[in-house]
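# Fold and contact review
If you want the building blocks of each chain, they are given just below.
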Amino acid sequence: MESSLPVKTKSLNLSPPVAILIATVFIFLWPLSAQALLERPAKETSWHISALKGTHDRERDLYIAEGEVVIKGGNTRLEADYVEFGNTTKDALARGHVLLISGEDTVTCDSMRLNLATETGTIYDGTVFIRENNFYIRGDKITKTGKDTYEAGKASLTSCSGDSPDWKISARDVKVTMEGYGFAKHATVWAKEMPALYSPFLAFPAKTKRQTGLLAPQYSFSDRKGFRFNLPLFLALSRNTDATLYADYMDKRGTKLGVEYRYLLANGSRGTAFLDFMDDRQIDDGTEDTGDYRYDSTPARTNTDRYWFRMKHDQNLPGRWKAKLDLDIVSDADYLHEFKSGYTGFTRTRDYFDDTFGRSVDDYDDTVRANRFNLNRTWSAYSLNMDVDWYDNVIARRDHSDDTTLQTLPAMEFDSVRQQIGKTPLYVDFDSEYRSFYRKDTTTAKTNGQRTDIRPTLYLPVRAGQYFSLEPSIGLRQTFWYSDEYDHASGNDEGFNHRELFDLNLKLSTEVSRVFNPGTGFAEKIKHEIIPALEYHYIPDVDQDDLPFFDDMDRIARRNDLTWSVTNRFISKKKQPRPAQPDKEKQGARKQPEAPLEKEEYVYHEFAWIKLFQTCYLEDQTHYDEDVRVDSSQSFSDISLESEFSPCPWLSLDMDADWSPHENHFMEHNTGLTLKDYRGDSIQGWYRYKRKRTEPVKQDPSETFYTRLDASLTSRLSAFYAYEEDLYKHERIEAFTGIEYRKDCWSLLVAYKDKPDDRSFGFIITLYGIGEFGRK
């Protein structure tokens, strides 16, 4: 017998009992997003009850259903062996194999009592499954004390399936307010049946929205810092601003405090600022006692006040103008060597700025760091950039020594792209700039001053016969200087100087190609292109010794040379089937085919690129080492090779080399190789070599080797090993190894890093559905 009892009632909003147990997650202070188990529809919901047996008590207005009871309403389905529903009180009692389905989330329990009007009730011996996070939450008694408040005497949660999960987090006396905070006592992390971590009291955010809360801490141990613990606190200040506070404790060094502030403005403008500061317990005064805290590449550090401020801001202005601000101020030359890793370390800052703003920061070992304000406007054929550049010399500032660092206050550049002159065959572009140079401290040679430079270039591209392209061009350069501090060699003390230069260029090239038809699985067709080219460059020899010197533009060396090059490109063409998209308009009401017919599309892949080139000097070669002219009698440059190979997904090879016909030896070469397979195994290797040379440009010798091996040992276990060595100095740069074990609901990564000046050990445990803690 089956009865259907339609009942009108207010919708049920049973925001997750899950939230009660989210408390335990924050043993690692990681917020868990949860969604309401039962959503409140905008309109009243009709509840339909079906069962093998059903009765109605008119006196109490109570519906009683037994045997395969199913209640449906909106997005909710309740199943049980026995259900009582009070139409007046809106109380519902379910017992026996209770299953509550709301959207994709489910609750299973022995019994459940809910009041649909007050949204209060109790779940007994129940398990809640949140599909979005693959999360299971279990509790003997979960009490919903209000619309958004919950209590549980004992509860646990995990993302592992089964009655004996690999991990779980349990706690007692849990009290939770959704979109607020939760509190719990005696919180414990369990690995199988073994307790792994304990906290007597726990306060945590229980939020489904972006709000203030504590983030995952980091743990590590190293020789230089000892035990390290970093605890971040996220602050949701408003809808478009937030911040993160950091407390980075190091038992050998002290506590480094930090703040990260992010904001987004209405017109798409945005910015991020970081500030870290600490009172360091250790110094490097150059003595043997402080040698453990020394870096060989930097001077002694006696300061204990240490900080790093960095910021980037992008501003959209009216009239398609844009502004950019970059700031980078660090306390000492050791700081970024010391703090390369971690939440507020150099590596994360560099990657964040690069990903978010498209601009990075100077490398960690740069002791002169760029600070810049840029205002720019771009048109279809022109661009205008105005800059104020300040280069912070960290060592000079810290030592209070003379600072002759060249600053640009300000600079303006107005450039055009190449464009045709009317209907003539001529094309033109130009570059122009104005710079005002400033030094805090000056010398006779290093002075302050101003420079204006204008360089238009005229092009005449033509076809030379059927097969050749010829492009002559001439550039005219006019440069003016003003510096009343410069000691003019000719005795001119008026401060004004000028230079006129021109350059002639001629490029002749052609292209020959052939298509091969291998008809293999690698490619249906392969196109081989050969592009030989000859380029002639000429700049006259102009005496520039009596001109001010600020940067390389002030000394332009003569040129009279011819460069040949041959470029090879290999491009494969391969068919790749793809499902055809049915034409809905033509199809109309016709039945769609079960499997659309496949169409073929071609995939083109440049799997090899090789360029060989060399320059022949028709006169003695000249270049400038800063403002000093250096002549060389060499008639030919090195023969240079640049190449890239990627014939298949599992192999890539990059290689470049310079071979000297004068030394009869390779002067420089770099090779990088990557091999990988479908299992996830891979090996990478890089070899870099430079040979000592004295001309035409001085070059110090170096030789390094880097390799990394990743091995998938089993379906769950993998390992990696990375090693870098300075072969020239016979010194290890870094060794880094680790092993990772993965299961369906968690993973463990253990890593060890060994450097000449420090050794560190770290770990990361990832509990899927929650987050991770530890540090690698």
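Analysis parameters
Residues numbered from 1 in each chain as written. Predicted model: local features only at pLDDT ≥ 70, side-chain atom pairs only at ≥ 80, totals over all residues. Heavy atoms only, no water. Helix = DSSP H or I, 4+ residues; strand = E, 2+ residues; numbered from the N terminus. Buried < 20%, exposed > 50% of the residue type's maximum accessible area, 1.4 Å probe, protein only. Contact = heavy atoms within 4.5 Å. Areas by Shrake-Rupley, 256 points an atom, 1.4 Å probe, with all protein chains shown as cover. Phe/Tyr/Trp six-rings, centres within 6.5 Å; stacked < 30°, edge-to-face > 60°. Lys NZ or Arg CZ within 6 Å of the ring centre and 35° of its normal. Disulfide = S-S within 2.5 Å. Core = buried A, V, L, I, M, F, W, Y, C linked by side-chain atoms within 4.5 Å. Polar contact = N/O pair within 3.5 Å; in protein donor to acceptor, adjacent residues only side chain to side chain. Expected span 1.5 Å × (residues − 1). Arc of directions from axis to C-beta. Salt bridge = Lys/Arg side-chain N within 4 Å of Asp/Glu carboxyl O. Pairing = 2+ DSSP bridges.

Within the protein chain, the regular secondary structure consists of five helices and 46 strands. Counting all 776 residues of the protein chain, 42% fall into the buried class. Sequence-distant contacts, at least 24 apart, represent 50% of the contacts inside the protein chain between residues at least 6 apart. On the protein chain, roughly 41500 Å² of surface is accessible, and the fraction owed to carbon and sulfur atoms is 54%.

Turning our eyes to something else, we now look at the packing of aromatic side chains. Going through the model one piece at a time under the given rule, you end up with 22 aromatic pairs. Geometrically, the ring pair formed by Phe-353 and Phe-357 is edge-to-face, given 6.0 Å between the ring centres and 65° between the ring planes. Of this pair, Phe-353 and Phe-357 are both found in helix 3 (residues 346-357), four residues apart, which corresponds to roughly one turn of the helix. The same class applies to Phe-353 and to Phe-357, which are both buried. Clustering of aromatic rings is evident, with ring pairs tying together Trp-308, Tyr-335, Phe-339, Phe-346 and Tyr-364. A cation over an aromatic ring shows up here: Arg-270 above the ring of Phe-357, its NZ or CZ 5.5 Å from the ring centre. Over the face of the ring belonging to Trp-308 we find Arg-310, whose NZ or CZ atom lies 3.9 Å from the ring centre.

Let's shift gears to the state of the cysteines. Note: disulfide means a covalent bond formed between the sulfur atoms of two cysteine side chains. Scanning the entire structure with this criterion turns up one disulfide. Here Cys-160 pairs with Cys-745 through a disulfide, and the sulfurs are 1.7 Å apart. Disulfide Cys-160-Cys-745: torsion about the S-S bond near 85°, hence right-handed. Of the two residues, Cys-160 is situated in the loop between strand 10 (149-158) and strand 11 (167-177) and Cys-745 in the loop between strand 43 (731-742) and strand 44 (746-755); the sequence distance between them amounts to 585 residues. Judged by relative accessible area, which is 3%, Cys-160 ranks as buried.

Moving on, we get to the nonpolar core. Residues Val-69, Ile-71, Val-98, Met-112 and Trp-167 are the most contacted members of the largest nonpolar core, which totals 30 residues. Per element, the largest residue contribution to this core is four residues, and it comes from strand 7 (residues 105-115). By size, the runner-up hydrophobic cluster in this structure holds 14 residues, among which are Phe-274, Trp-308, Tyr-335 and Val-361.

Following the sequence through the fold, Asp-314 ends up in strand 20 (residues 305-316). At 2.9 Å, the side chain of Asp-314 forms a polar contact with the side chain of Arg-359. When near neighbours in sequence (up to four residues on either side) are disregarded, Asp-314 contacts Ser-269, Arg-270, Ala-323, Lys-324, Phe-357 and Arg-359.

Further remarks concern helix 3. Between its terminal C-alpha atoms helix 3 stretches 16 Å, which fits the 16 Å expected from twelve residues at 1.5 Å a residue. Along helix 3, the residues classified as buried are Phe-346, Thr-349, Tyr-352, Phe-353 and Phe-357. Projected down its long axis, helix 3 carries its buried residues within an arc of 135°, all on one side. In this structure, the buried residues of helix 3 make contact with strand 18 (254-264), strand 19 (270-279), strand 20, helix 2 (335-338) and strand 22 (368-378). Phi for Gly-358, located one or two positions after helix 3, is positive at around 75°.

Okay, the pattern of salt bridges next. What the rule picks out here adds up to 47 salt bridges. Among the ionic pairs, Arg-253 bridges to Asp-280, the shortest N-O distance being 2.8 Å. A residue pair is termed long-range when its members are at least 10 positions apart, and Arg-253 in the loop between strand 17 (241-250) and strand 18 and Asp-280 in the loop between strand 19 and strand 20 qualify at 27 residues. Each member of the pair, Arg-253 as well as Asp-280, is classed as buried. Taking the shortest distance from any N to any O, the salt bridge between Arg-693 and Asp-638 comes out at 3.0 Å. Here the residue Arg-693 occupies a position in the loop between strand 40 (682-690) and strand 41 (702-712), and Asp-638 occupies one in the loop between strand 36 (628-632) and strand 37 (639-648), the gap between them amounting to 55 residues.

In this structure, strand 27 (residues 449-459) lies alongside strand 29 (residues 468-482), joined through eight bridges in antiparallel fashion. Across the sheet, the residue bridging to Thr-457 is Gly-475, located in strand 29. In this structure, strand 28 (residues 462-464) lies alongside strand 29, joined through three bridges in antiparallel fashion. Opposite Ala-464, over in strand 29, you have Phe-468 as the bridge partner. The turn linking strand 28 back onto strand 29 is made up of three residues, and Gly-465 within it adopts a positive phi angle of 75°. Here strand 29 runs beside strand 30 (residues 496-510); their pairing, made up of 15 bridges, is antiparallel. Within strand 30, the position partnered with Ser-473 by the bridge is Asn-505.

Let us now look at the pairing of strand 15 (residues 218-222). Among the five residues in strand 15, four count as buried, and that is most of the element. Sheet topology places strand 15 next to strand 16 (residues 226-238); five bridges connect them, and they run antiparallel. Pairing of Ser-220 across the sheet is with Arg-228, part of strand 16. Where strand 15 folds back on strand 16, the antiparallel hairpin that results is connected by three residues. Where strand 15 lies against strand 45 (residues 758-767), three bridges are found, and the strand directions are antiparallel. In the strand pairing of strand 45, Phe-221 is matched with Phe-761.

Further remarks concern unusual backbone geometry. Along the chain, Leu-409 connects to Pro-410 via a cis peptide bond; the corresponding omega equals -5°. With phi around 50°, Asp-61 is a residue other than glycine that occupies positive phi space. Residue position: Asp-61 is located in the loop between strand 3 (53-57) and strand 4 (62-73). Of note in the backbone geometry, Asp-125 takes a positive phi value of approximately 45° without being a glycine.

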